[in-house]
Amino acid sequence: MVHALTESHRVLRPHGDVVDLHPERGPGRRRARRLPVYIAAGHRLIPAGTLPEPADYYRRYLAADRAVERILRDGLFTLQAREVFPLRYYFRSLLAMEATLEKEWTGMTLGETLHRRLRTLLRSRPQAQIVVVEPFRLNVLRKR
Amino acid sequence: MRGLRTDPERLEVRMLVGRASLRGARVLEIGCGDGRLTRRIAGTARAVVGVDPDGERIARAKRLTPARHRGRIQFEVGSGEDLRFPNRSFDLVLFSWSL
């Protein structure tokens, strides 16, 4: 990771930017995240529960944070901006969500409680979408 | 992924445009995957090169690139730790979930 940042320093023109986007691991001592899940009904978001992430995801975010801190300490870049924003994923159906969990978001599973709650909410709102909200971190580093 | 839309509000791109010098820049995106974000920033940047170690994702990224962007987007299989580009050849390097 640090090596990739060093390589990016080489290919950047003077005062060029590195932008790093990765999931925000969140505050506190919790070592795995739980992503909030909603049903989008019109302009309303109805809470449905949370989707737990495996702990190894968290370790990857921590490693990314440490790589950024390390490259800043090394003095190759200065920090220009750091922000957290919510990234939203919209699933057309419960089936689409389950397929994504199986093929892309590996290691994440819908718990029985969340599954039941989503089924109940969708039964009366068949056109509604499922929304997962993930906090994302943006770091902007400028080449010295 | 069918049935999934990621960030249809385009908040990610708005954050990028608002916080970094993306407009008119020559951009290298490391870990571009299937090019979702690459295609979204292509209208703002001058040119974008997307790099990813997964050949299947790069092939999909090329297939999904609309004709109007083909002159300004380029995709290559490669690693962020061993870039084949010359020194000082980009204005901005983007790590999209690839650190």
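As the structure is a prediction and not an experimental result, all values here were calculated from the model.

Engineer: I tried to follow the overall build of chain A on my own but got confused; where do I start?
Structural biologist: A tally of regular secondary structure across chain A gives four helices and five strands. N-terminal to C-terminal, the α/β element order of chain A is α-β-β-β-α-β-α-α-β. Since a compact globule built from 144 residues should have a radius of gyration of about 15 Å, the 19 Å found for chain A marks it as more spread out than a globular shape. Residues classed as buried in chain A amount to 48% of the 144 residues present.

Engineer: What is the right way to look at the layout of surface pockets in this model?
Structural biologist: By rolling a water-sized probe across the atoms, one finds the places where empty space is left. Computed from the structure, the largest pocket encloses a volume of approximately 1,500 Å³. Lining of the largest pocket is provided by 44 residues; of these, Glu-104 of chain A together with Gly-33, Asp-34, Arg-36 and Arg-57 of chain B occupy positions nearest its centre. For the lining of the largest pocket, the secondary-structure elements that each account for two or more residues are helix H2 (55-73), strand S4 (77-91) and strand S5 (129-143) of chain A together with strand S1 (4-6), helix H2 (36-41) and helix H3 (55-64) of chain B. Looking at the lining of the largest pocket, its residues break down into 17 nonpolar, eight polar and 19 charged.

Engineer: I'm lost on the nonpolar core in this one. Help?
Structural biologist: Side chains of nonpolar character tend, in soluble globular proteins, to be buried together. Core analysis: the largest hydrophobic core is formed by 45 residues, its most contacted members being Leu-51 and Leu-118 of chain A. Among residues more than four places away in sequence, those in contact with Leu-51 of chain A are Arg-33, Arg-34, Leu-35, Val-37, Met-97, Leu-101, Trp-105, Met-108, Thr-109, Leu-110 and Leu-114 of chain A. Listed in part, the 22 residues of the second largest apolar core include Ala-4 and Ala-64 of chain A together with Val-51 and Phe-95 of chain B.

Engineer: Please clarify how the interface of chain A and chain B should be interpreted in this entry.
Structural biologist: Many authors give the size of an interface as the accessible area that is lost as the parts come together. Across the boundary between the two partners, chain A contributes 45 residues, which contact 37 residues of chain B. Together, the buried faces of chain A and chain B total about 3,600 Å²; carbon and sulfur atoms form 60% of this surface. If you look at where chain A meets chain B, you find four salt bridges. In this structure, Asp-91 of chain B engages Arg-13 of chain A in a salt bridge whose closest nitrogen and oxygen atoms are separated by 2.7 Å. The interface formed by chain A and chain B holds 23 residue pairs in polar contact (both at pLDDT 80 or more) in total. Mapped onto the side of chain A that touches chain B, the elements with two or more residues apiece are helix H1 (2-11), strand S1 (12-23), H2, S4, helix H3 (94-103) and S5 of chain A. Counting residues per element, the side of chain A that touches chain B draws most heavily on S1 of chain A, which supplies 11 residues.

Engineer: Even after reading the chapter, I still don't get the side chain of Arg-40 of chain B, so can you show me in this structure?
Structural biologist: In this fold, Arg-40 of chain B is placed in helix H2. Since its relative accessible area comes to 18%, Arg-40 of chain B is described here as buried.

Engineer: Before we go on, may I ask you to explain the pairing of strand S2 (residues 34-41) of chain A in this structure?
Structural biologist: On any regular strand, side chains alternate: one points to one face of the sheet, the next to the other face. All names here are of chain A. Both S2 and strand S3 (residues 44-52) contribute to a ladder of eight bridges, which runs antiparallel. Its bridge partner being in S3, Tyr-38 is matched across the sheet by Pro-47. In textbook terms, the turn of a hairpin is the stretch between consecutive antiparallel strands, and for S2 and S3 this stretch comprises two residues, one of which, Gly-42, has a positive phi near 65 degrees. As paired elements, S2 and S5 share four bridges and run antiparallel to each other. Considered in S5, the bridge of Ile-39 is made with Ile-130.

Engineer: It is not clear to me how the packing of H3 of chain A against helix H4 (residues 112-123) of chain A should be interpreted in this structure. Could you clarify?
Structural biologist: In helix packing, the relevant descriptors are the interaxial angle and the interaxial distance, both defined with respect to the helix axes. Residues and elements named next belong to chain A. Relative to each other, H3 and H4 sit at 150 degrees, their axes nearing to 11 Å. The pairing of H3 with H4 is recorded here as roughly antiparallel in orientation. Between H3 and H4, the residues in contact are Leu-94, Met-97 and Glu-98 and His-115, Leu-118, Arg-119 and Leu-122, respectively. Its residues assigned to classes, the contact of H3 with H4 shows four nonpolar, one polar and two charged.

Engineer: Even after reading the chapter, I still don't get the side chain of Thr-65 of chain B, so can you show me in this structure?
Structural biologist: Residues and elements named next belong to chain B. With respect to the helices and strands, the residue Thr-65 is situated in the loop between H3 and strand S4 (73-77). Among the polar contacts made by the side chain of Thr-65, one reaches the main-chain carbonyl oxygen of Ala-61 at a distance of 2.8 Å. Residues within four places of Thr-65 in sequence aside, it is in contact with Arg-39, Arg-70, Ile-73 and Phe-75.

Engineer: What should I look at first to understand the environment of Leu-45 of chain A in this one?
Structural biologist: Along the chain, the position of Leu-45 of chain A falls in strand S3. Through-space distance from the C-alpha of Leu-45 of chain A to that of Ile-130 of chain A is 9.2 Å; in sequence the pair is 85 residues apart.

What counts, and at which threshold
- Residues numbered from 1 in each chain as written.
- Chains lettered and ligands numbered in written order.
- Predicted model: local features only at pLDDT ≥ 70, side-chain atom pairs only at ≥ 80, totals over all residues.
- Heavy atoms only, no water.
- Helix = DSSP H or I, 4+ residues; strand = E, 2+ residues; numbered from the N terminus.
- Rg over C-alpha atoms; globule rule 2.2 N^0.38 Å.
- Buried < 20%, exposed > 50% of the residue type's maximum accessible area, 1.4 Å probe, protein only.
- 1 Å grid on protein atoms, 1.4 Å probe; cavity = no way out; pocket = protein on both sides within 12 Å on 5 of 7 lines; lining within 4 Å.
- Points joined across faces, edges and corners; volume = space filled by probe spheres on them.
- Nonpolar A, V, L, I, M, F, W, Y, C, P; charged D, E, K, R; others polar.
- Core = buried A, V, L, I, M, F, W, Y, C linked by side-chain atoms within 4.5 Å.
- Contact = heavy atoms within 4.5 Å.
- Buried area = accessible area lost by both parts, 1.4 Å probe.
- Salt bridge = Lys/Arg side-chain N within 4 Å of Asp/Glu carboxyl O.
- Polar contact = N/O pair within 3.5 Å; in protein donor to acceptor, adjacent residues only side chain to side chain.
- Pairing = 2+ DSSP bridges.
- Axes fitted to C-alpha atoms, helices over the stretch in contact; angles between N-to-C directions.
- Parallel < 35°, antiparallel > 145°, perpendicular 65-115°, else oblique.

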